[in-house]
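Here is how the chains run, residue by residue.
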Amino acid sequence: MSTENLPQGPDQPQRKPRVAVVFGGRSSEHGISMVTAGAVLRAIDRTKYDVLPIGITQSGRWVLTADEPERMAITERRTPNVEQLAESGEGGVVLPVDPANREVVYTEPGSVPKALGEIDVVFPVLHGPYGEDGTLQGLLELSGVPYVGSGVLASAVGQDKEYMKRVFTSFGLKVGPYVVIRPREWEQDESAARKKIIDLAGDHGWPLFVKPARAGSSIGITKVEDLSGLDDAIAEAQRHDPKILVEAALRGREIECGVLEFEDGPRASVPAEIPPPDAHAYYDFEAKYIDSTPGIVPAPLTPEETADVQRLAVDAYEAASCEGLVRADFFLTEDGEFVINEINTMPGFTPISMYPQMWQASGIGYADLVDRLIEAALRRSTGLR
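## Notes on the sheet that holds strand 5 (residues 103-107)
Right, on to step 1. An order of 4-5-6 is seen for the three strands of this open sheet, with the pairing classed as antiparallel. A single partner strand is all that each edge strand has here, and the edge strands are strand 4 (92-94) and strand 6 (114-118). Taken over all neighbouring pairs, the strand axes of this sheet differ in orientation by 25 degrees on average, direction set aside.
Right, on to step 2. Strand direction decides the pairing type here: strand 5 and strand 6, joined by three bridges, are antiparallel. When the bridges of strand 6 are listed, valine 105 appears paired with alanine 115.

Structure below.
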């Protein structure tokens with residue numbers, strides 16, 4: 001954690017760019033963020049970049065952590081947490097707030113603050129609120145530090161499933177039937193809010209999917225087969241977000257497609273298909289991360305279907321003003337139409353996650369993918385663009 005490798009004068013050789021990998025965070029996806037960070041830390045080319053791992057605890061404290069990606073794995077069906085890797089139980093990391101100064105400082109009660117040197121780019125591998133939703137991106141914009149992935153607006157749109165759908169609809173992308181229950185609606189008139197959901201089922205049938213409006217990794221989602229399971233599903237979703245989204249089930253195949261920023265603009269990967277998991281009611285958290293239900297890459301689609309979903313994935317990326325990377329998730333309905341379900345501006349990013357797998361099948365391996373994302377971030381300026 002020293003700054004000895006940084007240049008102190010004009011006669012010293014140029015230092016390697018320093019990448020701060022930021023992970024963990026306050027959301028319910030804290031553990032999955034750490035799994036992603038472990039994979040990224042293993043893949044970064046240490047001959048090309050210096051690396052500074054920074055964890056955010058579930059209470060929101062920024063800490064220095066051990067650079068030990070092998071400890072950031074799911075073990076015995078449990079995800080890791082930042083506190084296990086923190087170098088101190090009290091010390092904290094402070095990012096610069098002056099765009100003219102990118103120096104990171106480490107502070108500890110009763111000790112003189114230590115300068116850790118400048119950072120050139122941040123690779124934020126946070127999932128969910130307080131990291132993937134534009135909050136961290138806004139902090140980095142204020143600090144004048146480039147970062148991997150989408151900016152404030154696109155990150156916020158990508159996190160809030162209601163406004164994501166509104167943006168897509170305004171750009172002519174087809175979305176499935178849904179209703180939103182805001183916290184004030186629920187607090188003021190539960191029966192009226194519940195009736196909105198029941199009316200959705202009356203129009204489109206059961207099952208319904210009840211979700212936190214601003215969460216990911218399939219956390220807090222319940223597939224509701226009939227009215228008897230509705231209240232429990234609402235309570236579960238509200239544990240993660242006071243605003244909930246309820247979607248009608250779409251009957252069809254689940255198709256995903258990756259989008260990556262190249263120097264000449266975004267391009268789509270080969271698509272993948274998520275088959276119905278045998279041991280799960282749908283592609284939930286455990287199917288994704290614990291049991292690692294395999295996807296089919298590339299998806300068995302016709303050339304025309306492949307071209308359509310690739311075009312729509314890029315359209316979704318552009319509609320939300322995304323940068324860097326996106327995974328776009330679709331349903332291919334029984335009548336042959338692609339309906340977009342959502343985008344993820346910082347998708348699961350372990351080597352077995354679908355986004356890296358789709359790019360692997362498209363000719364870009366995991367380490368190369370990480371490198372391309374860092375280079376894309378270094379090319380972009382902060383501020384309005």
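From this point, things continue past the structure.
## Looking at the sheet that holds strand 8 (residues 178-181)
Right, on to step 1. Here we have four strands laid out as an open sheet, ordered 8-11-9-10, and antiparallel in their pairing. The open sheet has two edge strands with one neighbour each: strand 8 and strand 10 (222-224). Neighbour-to-neighbour, the strand axes of the sheet open up by a mean angle of 20 degrees, direction not taken into account.
Right, on to step 2. As judged from the four bridges shared by strand 8 and strand 11 (residues 244-248), these two strands associate in the antiparallel manner. Among the inter-strand pairings, isoleucine 181 is bridged to a residue of strand 11, identified as isoleucine 244.
Right, on to step 3. Its contacts with the sheet place helix 7 (residues 230-240) against strand 9 (208-212), strand 10 and strand 11, and it is angled at close to 25 degrees to strand 9.

## Regarding the nonpolar core
Right, on to step 1. Within the largest apolar cluster, 35 residues are counted, with the highest numbers of intra-cluster contacts made by Val21, Val40, Ile44, Phe123, Phe349, Val370 and Ile374.
Right, on to step 2. If you list the elements that add at least two residues to this core, you get strand 1 (18-24), helix 1 (30-43), strand 7 (121-124), strand 12 (252-262), helix 10 (354-361) and helix 11 (366-379).
Right, on to step 3. By size, the runner-up hydrophobic cluster in this structure holds 28 residues, among which are Ile255, Cys257, Ala313 and Ala319.

Calculation rules
- The written sequence of each chain sets the order in which its residues are numbered from 1.
- The predicted nature of this model means local features are confined to residues of pLDDT at least 70 and side-chain atom pairs, given and counted, to a pLDDT of 80 or more, with totals for whole chains, interfaces and linings taken over all residues.
- As a rule here, side-chain values cover all heavy atoms of the structure and leave hydrogens and water aside.
- Note on pairing: DSSP must find at least two bridges between two strands before they are called paired.
- Runs of E in the DSSP output that reach at least two residues are strands. Runs of H or I that reach at least four are helices, and both are numbered from the N terminus.
- Each axis is a line fitted through C-alpha atoms, and for a helix only the stretch in contact is used; angles between axes span 0 to 180 degrees, taken between their N-to-C directions.
- The criterion used for residue contact is that any of the two residues' heavy atoms lie within 4.5 Å.
- We call a set of buried residues a nonpolar core when its members are Ala, Val, Leu, Ile, Met, Phe, Trp, Tyr or Cys and they connect through side-chain atoms within 4.5 Å of each other.
- Between buried and exposed lies partly exposed: a residue is buried under 20% and exposed over 50% of the maximum accessible area for its type, with that area taken using a 1.4 Å probe on protein chains only.

The values are spatial; any link to function lies outside them.
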